Amino acid sequence: MQSYLAFVRKEFYHILRDTRTLVILFGMPIAQVLIFGYAVTNEFRDAPVAVIDNARDELSRELVHELVSSGYFKLVDQPATADELDALFRAGEVKLGVFIPPDFESDFFRRKQTTLQFLADGSDPNYATTLLNYGSQIVGNFQQRHAGGPENYQVGVEMQLMYNPELISAYNFIPGVVAIILLLISAMMTSLTIAKEKEMGTMDLLLVSPLSPLTIILGKVTPYVLLSMSNALLILLLGYFVFDVPVLGSFWLLTGFCLLYVLTALSLGILISTKASSQQAAMMGSLFSLLMPSMLLSGFIFPITSMPWMLQKVSGVIPATYFIELLKGVMLKGLGMQYLWFPTLVLATMTVVLLSLSWFNFKIRTK
Amino acid sequence: MNGIEIENISKSYGATLALDALTFTVQPGERFGLLGPDGAGKSTLFKILTTLLIPDTGRASVAGWDVNKDFATIRRHIGYMPGRFSLYPDLSVAENLNFFATIFGTKVKANYELIRPIYEQIEPFSKRRAGALSGGMKQKLALCCALIHQPKVLFLDEPTTGVDAVSRDEFWVMLGELKKAGITILVSTPYMDEAARCERVALLQTGKILALDTPANVVNAFNQPLWAVRADNYYQLLLDLRQASFTERAEVFGEFIHLTTHTGTDRESIVAYAQSGGHGNIVVEPAKASIEDVFLALM
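Residues numbered from 1 in each chain as written. Chains lettered and ligands numbered in written order. Predicted model: local features only at pLDDT ≥ 70, side-chain atom pairs only at ≥ 80, totals over all residues. Heavy atoms only, no water.

Observations concerning the overall build of chain A
In step 1: The helix and strand tally for chain A stands at 14 helices and four strands.
In step 2: For 367 residues, the compact-globule estimate of 2.2 N^0.38 gives 21 Å, and chain A exceeds it by more than 25% at 27 Å.
In step 3: Over its C-alpha atoms, taken along the principal directions, chain A stretches across nearly 90 × 45 × 40 Å.
In step 4: Across chain A, contacts joining residues at least 24 apart in sequence account for 78% of those joining residues at least 6 apart.
In step 5: Across chain A, 24 positive and 27 negative side-chain charges occur, with their mean positions spaced 19 Å apart. (Helix = DSSP H or I, 4+ residues; strand = E, 2+ residues; numbered from the N terminus. Rg over C-alpha atoms; globule rule 2.2 N^0.38 Å. Contact = heavy atoms within 4.5 Å. Lys, Arg positive; Asp, Glu negative; His and termini not counted. Charge placed at Lys NZ, Arg CZ, Asp CG, Glu CD.)

Below, the structure written as structure tokens:
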């Protein structure tokens, strides 16, 4: 116990005396949250729109007004011809073009077929799709309001997004960032610090001492568990206060899930360090086998359901996938254990398997 | 029983044979030196004896415990100072010492008497980070850390490599002090002049023992005529001597060339040979063999 505490104290000295480690530990989470929060966002306001209004009647003006007053669009120009609109698109000055046909009002009220045309800049497909969706929704509402009445047999579709009705991207990225940061600290930093002992030769001294492998490993990971948990808390607080990401479910359940995931990540880190003999190898190992797949395939950036079959399988063995599911379940849906037992079980099983693998791979000798 | 017994130990890395059926014994309380150039197998032997490596064949015991079977017990009772500085550079002198005391389940105070003569020299810098110490002080700190749990056997792998001459000398004086505490010391060095500081030495070359005896006996075993030779053109003289019919070996040795000749060669014939080669200011004197001469002769 004495030697365990001494070991933990030593690890804290290492962490606190290395500015680079400190910057990674505390700068990284804050930077990531802010970058994802303010720069990488799917939400939009005031998207530039150009309207070619060939009708120039009461109803068409009302429609344009409705589009602009939604707050999503900003009218930047009203070109006369399609060529002018094309020029605006090329210059990147507009992202959405609306083409209103002649006789819009009279056709509309005579119940003749009339068609609006929306043109979007497809070079950014996600953005274009979102613009088109918002646009059609506004037009849909507009149409219903003006064409209401019993003689109309229209089937209106009302869409509602559950759990995140306003499509706030923070609801997605806060859980994602928690998953990535915890992985970074728990897996990468742990594997780096163990590899560093090997590189410096101090591992030999630790092995030639009465310290048991268990004490060495526990002493190594304890500070990182504490740091990971405080980082998770920091990110959740940032999400709650800066981006209004709620925690609908139990806070303690959330903490429990974070701890479980930290353990999974730590056992991955230990496993990597049993194989890597230098810090560089450990770094490469964790970057390519952990961080990249976790960013790309966990559902954080790309939805899992739209991945090809192979990648979905890969996604199924990434701990972050399950952890993000758990986080979203507790935070956004307010779910309890009865709905979340499966991802919990998967994470727990992964942890047990990884820990036993690292245990068997931990070398009590140099080679 | 604090000695070391090595029986038929072999170890290879892939196709390279690092240790070739080594057998020798270090007596309890003895200060035993392993001499040899880089790659002789010294560090490999240390790693086997400190239970970090398993030998391919053979058996060894340290203080009576088998290095394979009783490795856990051995680890509690030995001190090991690896070949390169292996303490925590970001921890202070005192923090390093305390850490190693604690992981061996002891306290610095409890064993202070043993390390006092050494630690007193670095105590003024106890708050300094170990990475900022000079080579000589690093090595003293490493020795303190290796001794803090009162080991029965001390393994020092090239403790004086990269250390200035004064610190090297001080270091050997400190090892002399430890002798009084009854600690068995196995120390390796590439410096032949340090051999004389050991009670017995083994000359190691490519994993084999070339000679094993007290330093005096090792030197006395050298029974060929040895001459110290010098002339104006040192390098040309070396090349010429190596061509001479009476020459066994001619090696660079400071300002002289150490020339080993066949028995029966006299001083005059060497001088005559050098003169015929056109050398000036020729000096030829009988020389006393050093460990280095023995080593070169045996290689």
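Digging into the interface of chain A and chain B
In step 1: Across the boundary between the two partners, chain A contributes 26 residues, which contact 30 residues of chain B.
In step 2: Approximately 2600 Å² of surface area, both sides summed, lies buried where chain A meets chain B, with 64% of it carried by carbon and sulfur atoms.
In step 3: Put simply, chain A and chain B have two salt bridges between them.
In step 4: Taking the shortest distance from any N to any O, the salt bridge between Arg17 of chain A and Glu95 of chain B comes out at 2.8 Å.
In step 5: Where chain A touches chain B, the interface holds seven residue pairs in polar contact (both at pLDDT 80 or more).
In step 6: Those elements giving two or more residues to the side of chain A that touches chain B turn out to be helix H1 (2–17), helix H7 (170–200) and helix H8 (202–207) of chain A.
In step 7: With eight residues, H1 of chain A is the single largest residue contributor to the side of chain A that touches chain B.
In step 8: In the side of chain A that touches chain B, the residues fall into 11 nonpolar, seven polar and eight charged. (Buried area = accessible area lost by both parts, 1.4 Å probe. Salt bridge = Lys/Arg side-chain N within 4 Å of Asp/Glu carboxyl O. Polar contact = N/O pair within 3.5 Å; in protein donor to acceptor, adjacent residues only side chain to side chain. Nonpolar A, V, L, I, M, F, W, Y, C, P; charged D, E, K, R; others polar.)

Points about a nonpolar patch on the surface
In step 1: A cluster of nonpolar side chains, contributed by Ile30, Leu34, Tyr38, Leu233, Leu237, Tyr240, Phe241, Val242, Phe251 and Trp252 of chain A, occupies part of the molecular surface with about 1100 Å² of accessible area.
In step 2: The dominant element in the nonpolar patch, judged by the number of residues it contributes, is helix H9 (residues 213–242) of chain A, at five residues. (Patch = residues over 30% accessible without salt bridge, like charges linked within 9 Å, V, L, I, M, F, W, Y side chains within 5 Å. Areas by Shrake-Rupley, 256 points an atom, 1.4 Å probe, with all protein chains shown as cover.)

Notes on the sheet that holds strand S13 (residues 256–261) of chain B
Hydrogen bonding along the main chain pairs the strands of a sheet, whether they run parallel or antiparallel.
All names here are of chain B.
In step 1: Pairing in this open sheet of four strands is antiparallel, and the strands run S12-S13-S11-S14 from one edge to the other. In this open sheet, the two edge strands, each paired with only one partner strand, are strand S12 (247–253) and strand S14 (283–286). Strand after strand, the sheet turns through a mean of 25 degrees between neighbouring axes, direction not considered.
In step 2: Sheet analysis places strand S11 (residues 226–230) next to S14, joined by four bridges and oriented antiparallel. Bridge assignment links Arg230 to a residue of S14, and that residue is Val283.
In step 3: Of the strands in this sheet, S11, S13 and S14 are in contact with helix H9 (residues 267–276), which crosses S14 at around 155 degrees.
In step 4: Along the sheet, helix H10 (residues 291–298) makes contact with S11, S12 and S13, crossing S12 at roughly 135 degrees. (Pairing = 2+ DSSP bridges. Axes fitted to C-alpha atoms, helices over the stretch in contact; angles between N-to-C directions.)

Side note on the UniProt feature "transmembrane region" (unreviewed entry) in chain A
In step 1: Here the UniProt-annotated "transmembrane region" (unreviewed entry) positions come out as residues 21–40, 173–195, 224–243, 249–272, 284–304 and 340–362 of chain A.
In step 2: Along residues 340–362 of chain A, the helical share is 96% and the strand share 0%, with 33 Å between the first and last C-alpha atoms. (UniProt positions renumbered as here; feature names shortened; annotations may be inferred.)

What to know about the packing of helix H4 (residues 112–122) of chain B against helix H5 (residues 135–147) of chain B
Residue and element names in this part refer to chain B.
In step 1: Their axes nearest at 9 Å, the elements H4 and H5 cross at an angle of 150 degrees. Our classification of the angle between H4 and H5 gives roughly antiparallel. The chirality of how H4 crosses H5 is left-handed. Taking contact as the criterion, the partners of Leu114, Ile115, Ile118, Tyr119, Gln121 and Ile122 in H4 are, on H5, Met137, Lys140, Leu141, Leu143, Cys144 and Leu147. (Parallel < 35°, antiparallel > 145°, perpendicular 65-115°, else oblique. Left-handed = near helix turned anticlockwise from the far one by under 90°.)

Things to note about the side chain of Thr189 of chain B
Residue and element names in this part refer to chain B.
In step 1: You can see Thr189 is positioned in strand S8 (residues 184–189).
In step 2: A relative accessible area of 1% means that Thr189 is categorised as buried.
In step 3: Within the local environment of Thr189, its side chain forms a polar contact with the side chain of Glu194, the two groups lying 2.7 Å apart.
In step 4: Setting aside residues no more than four positions away along its own chain, Thr189 makes contact with Leu34, Leu35, Gly36, Lys42, Thr160 and Glu194. (Buried < 20%, exposed > 50% of the residue type's maximum accessible area, 1.4 Å probe, protein only.)

Here's the deal with the environment of Lys363 of chain A
Residues and elements named next belong to chain A.
In step 1: Tracing the chain through its elements places Lys363 in the segment after helix H14 (337–361).
In step 2: Along the chain, Lys363 and Leu263 lie 100 residues apart, while their C-alpha atoms are 21 Å from each other.
In step 3: If we ignore the near neighbours within four places in the chain, the residues touching Lys363 are Leu207 and Thr274.

Points about the UniProt feature "domain: ABC transporter" (unreviewed entry) in chain B
In step 1: Here, the residues flagged by UniProt with the feature "domain: ABC transporter" (unreviewed entry) are residues 4–231 of chain B.
In step 2: With 31% helix and 29% strand, the stretch residues 4–231 of chain B has end C-alpha atoms that lie 48 Å from each other.

Comments concerning the domain arrangement of chain A
In step 1: Looking at chain A, the domain boundaries give domain 1 (2–40 + 168–361) and domain 2 (47–146).
In step 2: Placing the centre of domain 1 of chain A and that of domain 2 of chain A at their C-alpha centroids yields a distance of 47 Å. (Domains from an automatic or database assignment.)

Considerations on the nonpolar core
In step 1: Grouped together as the largest cluster of nonpolar side chains are 161 residues, with contacts concentrated most on Ile174 and Phe323 of chain A together with Val62, Leu143 and Phe155 of chain B.
In step 2: Considering each element in turn, this core owes the most residues, 19 residues, to H7 of chain A.
In step 3: Other than its neighbours up to four places away in sequence, Leu143 of chain B contacts Met81, Ile118, Leu154, Leu156, Phe171, Met174 and Leu175 of chain B.
In step 4: Listed in part, the 21 residues of the second largest apolar core include Ala47, Phe108, Ile138 and Ala147 of chain A. (Core = buried A, V, L, I, M, F, W, Y, C linked by side-chain atoms within 4.5 Å.)

Brief notes about the environment of Ile181 of chain A
In step 1: If you trace the backbone, Ile181 of chain A turns up in helix H7.
In step 2: Ignoring sequence-local partners within four residues, the contact set of Ile181 of chain A consists of Met28, Pro29, Gln32, Asn231 and Ile235 of chain A.

Description of unusual backbone geometry
In step 1: The backbone of Arg56 of chain A sits at a positive phi, close to 50 degrees, despite the residue not being glycine.
In step 2: Tracing the sequence through the fold places Arg56 of chain A in the loop between strand S1 (47–53) and helix H3 (58–69).
In step 3: In this structure, Glu158 of chain B takes a positive phi of about 45 degrees despite not being glycine.
In step 4: Assignment of secondary structure puts Glu158 of chain B in the loop between strand S7 (153–157) and helix H6 (165–179).
In step 5: On the basis of relative accessible area, Glu158 of chain B is assigned to the buried category, the value being 13%.

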